[in-house]
Amino acid sequence: MATEAERTAGAADAQPAARAARAADADRAARAARTERAAGGAWPAVLPLHAEPARDPGSAGAKAANLARAAAAGLPVLPGFVLTDPALAPGAPAGPGALRAAWRDLSEGGRRPLIVRSSSAYEDAADSSMAGWYETVPDVRGWDDFAAAVRRVLDSAARGLVGPAAAPREAPLRAGTPGRMAVLVQPMLRAAAGGVMFGADPVAGRHDRLLVSAVDGVPGALVDGTAQGVRYQLTRRGRRVAADPAEPPGARLLGRGRLARLASLARRAERVFGGPQDVEFGFDADGRLWLFQSRPITAMPPRPPRTARLLGPGPVAETFPAVLQPLEEDLWVAPMSHGLTVALDIAGTAPRRHLRALPAVTTVDGRAAADLRLLGAVKSPHPVRDFMNPLRGARLLGAAWRTGRLRTALPVLARDLMAEVDEQLAGLPEPAAMAGGRLLDAAGWGRTVLSALHAQESLAGALPGAGTGATAAGEALAVLAEVPRQEAGHDDAELIARHPVLLALLPPALGAAPALPVRTRWSGVPRGVGALPVREGLRLRIRWVQEMQSRVVAELAERLAAAGALDDAARVALLRWPELVALADGRGLPRDFAERLPRPERLGLPAAFRLAGGRPVAEPQDPAGAGPAAGGGQGAGGGSGAGVAWDGAGERPERAVLVVPVLDPGLAPQLAGLAGLVAETGSALSHLAVLAREFGVPTAVGVPGAVGRFPPGTALAVDGTTGAVTAAGGEARTGGDSAHGDSREAAA
């Protein structure tokens, strides 16, 4: 029998245990209360994922509703349940008992880990995915951890966190707003491989391609951007078109069978949801495919129609390297387009129905672009059909006959035209001494004569030997190098007035003119404008006429501004040509003129693109397909050479290979001593390419993605005959695919 002392000691020992038990009960009660408050003031209703109410985004949120619809359609979706506001799910079980029962069944009494995810009505929409905006809590074990995970997901509706360590950002929802944030609960799958699949190409807008990015294990590291994985491009039937990085045949992350099953899943999901989907998937240890999430592809670029023509800046970027304002388009681009159309018609190289319907040169966001097929800058997409077409053969035969006649007649016609232009320009007084009507007439005459000059220049370029001989740019550099010392103090305008050939180094512009290049060494001696070949003489007259137009328009704008008809003389470039004529006639400004803004400088256009809804969509190009070696393009002469890639900025390497997006004439002073020249666009007959041959610089043009693939410091070899451009080791360096949108912000 225990003594009193023993009973007292036992009671004392039991007190800490009792206090601990009471504290645990209080903690559980507090947790339950917090869960109740986080759920909107009441215990949430529990909707099984296979139940019909779970398919309603208003009740279950878009993420869960999409999975419920997919499961009902027979797609491979894991089981689960949704926690939502009881008011939005009448008849659904609610309360702590229902919640514990759902957790116990799905987790197998706590032995099976769960994943707790947000399912907001504002997620996974057609116009906004809100990927990674709310929290996902993986690998949840035990009831207490489950309750805490639910609270974290609900709280993220107010905090807008991407992860537990992320900084808060503004959220579109208030904490605990009933029905706006549901919680999706599913088993945590230990995937052997997982990833993201797009049912269409979201970069190029191609609906005939699927994009898949996959990693070992669950796709979390892929969707949060910490892993790049393997990127596959597939046909809609699952045939692999490309993989990056390349995989050995025996060590592929996703084999042929898995890719075919993914393609089948993409097609089925598209049928269920009415459009291509952005899905997350995983293959379990037994090889079964599971769908984790499905939502519409957002920001899908428009797909150009099949009849959309192929455009590119290459043939005209040298003439117009910068963004053009509306009046510059009407003064210079429209005459160029008309002149090239006339030349194509005379040469018979294109059907007249095409020439009537399609301008040879147009502008996109103020940047000039040419029809690459009309100008023969790309190969025909149907060479066999064209070979079999007797009409095309007749056109070519007629073109050959006409070209033979042109070879004899064109030089005479061109010299007559150049003499007429020289006479007209010499007869024009200074703009300040001209009457207003005379200023307008001079600009209008320039538009007419530019069309003729462009037509003859284009025809002259098609004749044999057009790419040989001196160039206007070369003559200008030679003159600039030999400017007498007493003229060294003159500004650019004075130098150009004394030596008009210097205009060959500058593109046309209304307003402030670009600066002349710095003086460089030149091995040649100026021979005079009269020594230039016919084509170069025509090019120089084009530039002279454009400069005359710039000066007379500037004078006219100053007078209109002084008379109060124009608020700012610099804004004259925002007018169209008919609007300028109307303003000069006293008919006033367009109604919307006050709202017009100058076009800002933009990134250059893709080397080849098609228009969809007025926006350029880059044409896919095979970087290794243009030349005999990786990165090849079109040879522009100059022999062969090797050196180090240089982008024109910073210190110039000893043997520099200049790598540029376009053949800008302003690069001419850089040519001396170059080991090579590589351009993404351009023509072998352009000014800079011809000048590069004179310098003996190996040149390759039309090299897709050269700037990104050959960063400064890359050892390069350039073959100006074949157009091959190879990096050290014989392989072109390629950039990553981070800009392709395959990575996602965070797990959703």
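It should be noted that the structure appears before, not after, this text.
A quick note: this is a predicted structure, and the numbers were derived from the prediction, not measured.

A.B. asks: I would appreciate a short explanation of the overall build of the chain in the present structure.
C.D. replies: Counting its regular elements, the chain contains 19 helices and 23 strands. Every one of the 748 residues in the chain was classed for burial, and the buried ones make up 47%. In the chain, of all internal contacts separated by at least 6 residues, the share reaching a separation of at least 24 is 67%. Here the chain displays about 34600 Å² of accessible surface, and carbon together with sulfur accounts for 55% of that area.

A.B. asks: Quick question: what am I supposed to make of the sheet that holds strand β20 (residues 676-679) here?
C.D. replies: Adjacent strands of a sheet pair through backbone hydrogen bonds, lying either parallel or antiparallel. Here we have seven strands laid out as an open sheet, ordered β17-β21-β20-β19-β18-β22-β23, and mixed in their pairing. The open sheet is flanked by β17 (634-635) and β23 (725-727), the only strands paired with a single partner. For strand β19 (residues 656-660) and β20, the ladder comprises four bridges, and the chain directions are parallel. Within β20, the residue paired with Leu658 across the bridge is Leu677.

A.B. asks: How do you make sense of the environment of Trp103 when you look at a structure like this?
C.D. replies: As for its position among the elements, Trp103 is in helix α4 (residues 96-107). Owing to a relative accessible area of 9%, Trp103 belongs among the buried residues under this scheme. In this structure, the C-alpha to C-alpha distance between Trp103 and Phe146, residues 43 residues apart in sequence, is 8.2 Å. Ignoring any residue separated from it by four or fewer positions in sequence, one finds Trp103 in contact with Phe81, Gly109, Gly110, Leu114, Gly142, Trp143 and Phe146.

A.B. asks: It is not clear to me how the packing of helix α9 (residues 326-347) against helix α16 (residues 534-562) should be interpreted in this structure. Could you clarify?
C.D. replies: Think of two packed helices as two axes; the pair is described by the angle between the axes and how far apart they sit. Across the interface, α9 lies against α16 with an axial gap of 11 Å and an inter-helix angle of 140°. Overall, the two elements α9 and α16 adopt an arrangement that is oblique. The handedness of the crossing between α9 and α16 comes out as right-handed. Where α9 approaches α16, its residues Leu327, Leu331 and Trp332 are matched on the opposing element by Gln546, Gln549, Ser550 and Val553. For the contact of α9 with α16, the residue count by class is four nonpolar, three polar and no charged.

A.B. asks: Would you mind showing me how to read the pattern of salt bridges here?
C.D. replies: Side-chain pairs of opposite charge can arise whenever the charged atoms involved come near each other. Under the criterion given, the structure shown has 28 salt bridges. In this structure, Glu457 engages Arg535 in a salt bridge whose closest nitrogen and oxygen atoms are separated by 2.9 Å. Taken together, the positions of Glu457 in helix α13 (residues 436-462) and Arg535 in helix α16 put the pair 78 residues apart, joining distant regions of the chain. For Glu457, a relative accessible area of 10% puts it in the buried group. Arg535 sits in the buried class, given a relative accessible area of 13%. Linking Glu555 and Arg559 is a salt bridge whose minimum nitrogen-to-oxygen distance equals 3.0 Å. With Glu555 and Arg559 both in helix α16 and four residues apart, the pair spans about one turn of that helix. One network of salt bridges, with partners in common, ties together Glu329, Asp330, Arg576 and Arg599.

A.B. asks: I tried to follow the sheet that holds strand β8 (residues 230-235) on my own but got confused; where do I start?
C.D. replies: Ordered in space as β9-β8-β7-β6-β10-β11, the six strands form an open sheet in which the pairing is antiparallel. Sheet topology places β9 (240-244) and β11 (289-296) at the edges, where each strand pairs with a single neighbour. The sheet shows a mean angle of 20° between the axes of neighbouring strands, direction not considered. Pairing analysis gives four bridges linking β8 to β9, with the strands arranged antiparallel. Following the sheet pairing, Gln233 is matched in β9 by Ala242. The sheet strands contacting helix α7 (residues 256-273) are β6 (193-198), β7 (209-216), β8, β9, β10 (277-283) and β11, and the helix crosses β10 at an angle near 140°.

A.B. asks: Whenever I open this one, unusual backbone geometry confuses me. Can you help?
C.D. replies: The general pattern is negative phi for most residues beyond glycine and trans for most peptide bonds. With a phi close to 55°, Asp139 is a non-glycine residue in the positive phi region. Along the chain, Asp139 falls in strand β4 (residues 136-140). Despite not being glycine, Asp365 shows a phi value in the positive range, around 55°. One can find Asp365 in the loop between β13 (361-364) and β14 (367-371).

A.B. asks: How should the packing of aromatic side chains be read in this particular structure?
C.D. replies: Aromatic ring pairs are reported here in terms of the distance separating the ring centres and the angle at which the planes meet. The full count for this structure, using the stated rule, is four aromatic pairs. With 6.4 Å between their ring centres and 70° between their planes, Phe81 and Phe146 make a pair best called edge-to-face. Remark: Phe146 occurs in helix α5 (residues 143-159) and Phe81 occurs in strand β2 (residues 81-84); sequence separation between them is 65 residues. Considered together, Phe81 and Phe146 belong to a single accessibility category, that of buried residues. Centroid distance Trp143 to Phe146: 5.7 Å. Interplanar angle 45°. Geometry classified as tilted. Placement of both Trp143 and Phe146 in helix α5 is noted, with a separation of three residues, approximately one turn of the helix.

About the cut-offs
- Throughout this description, residue numbers start from 1 for each chain and increase along the sequence as written.
- Local features are withheld for residues below a pLDDT of 70 in this predicted model, meaning they are given only at 70 or higher, and side-chain atom pairs are given and counted only at 80 or more; totals for whole chains, interfaces and linings count all residues.
- The basis for every side-chain value is the complete set of heavy atoms in the structure, and neither hydrogens nor water enter the calculation.
- The secondary structure listing takes helices from DSSP runs of H or I that are at least 4 residues long and strands from runs of E that are at least 2 residues long, numbered from the N terminus.
- Whether a residue is buried, partly exposed or exposed follows from its accessible area with a 1.4 Å probe, protein chains only, as a fraction of its type maximum: under 20%, in between, or over 50%, in that order.
- We call two residues contacting when some pair of their heavy atoms lies within 4.5 Å.
- Only the protein chains shown count as cover for residues, and all accessible areas are computed by the Shrake-Rupley method using a 1.4 Å probe.
- At least two DSSP bridges between two strands are needed for those strands to be called paired.
- Helix axes are fitted to C-alpha atoms over the stretch in contact, other axes to C-alpha atoms as well, and angles between N-to-C directions run from 0 to 180 degrees.
- Every angle not falling under 35 degrees, over 145, or within 65 to 115 is termed oblique; those three ranges are roughly parallel, roughly antiparallel and roughly perpendicular.
- Two helices crossing with the near one rotated counterclockwise from the far one by less than a right angle form a left-handed crossing, whereas a clockwise rotation gives a right-handed crossing.
- Residue polarity is assigned by list, with Asp, Glu, Lys and Arg as charged and Ala, Val, Leu, Ile, Met, Phe, Trp, Tyr, Cys and Pro as nonpolar; anything else, Gly included, falls into the polar class.
- Any Lys or Arg side-chain nitrogen located within 4 Å of an Asp or Glu carboxyl oxygen qualifies as a salt bridge.
- Two rings from Phe, Tyr or Trp (for Trp, the six-membered ring) form a pair when their centres are within 6.5 Å of each other. A pair whose planes differ by under 30 degrees is stacked, one over 60 is edge-to-face, and the rest are tilted.

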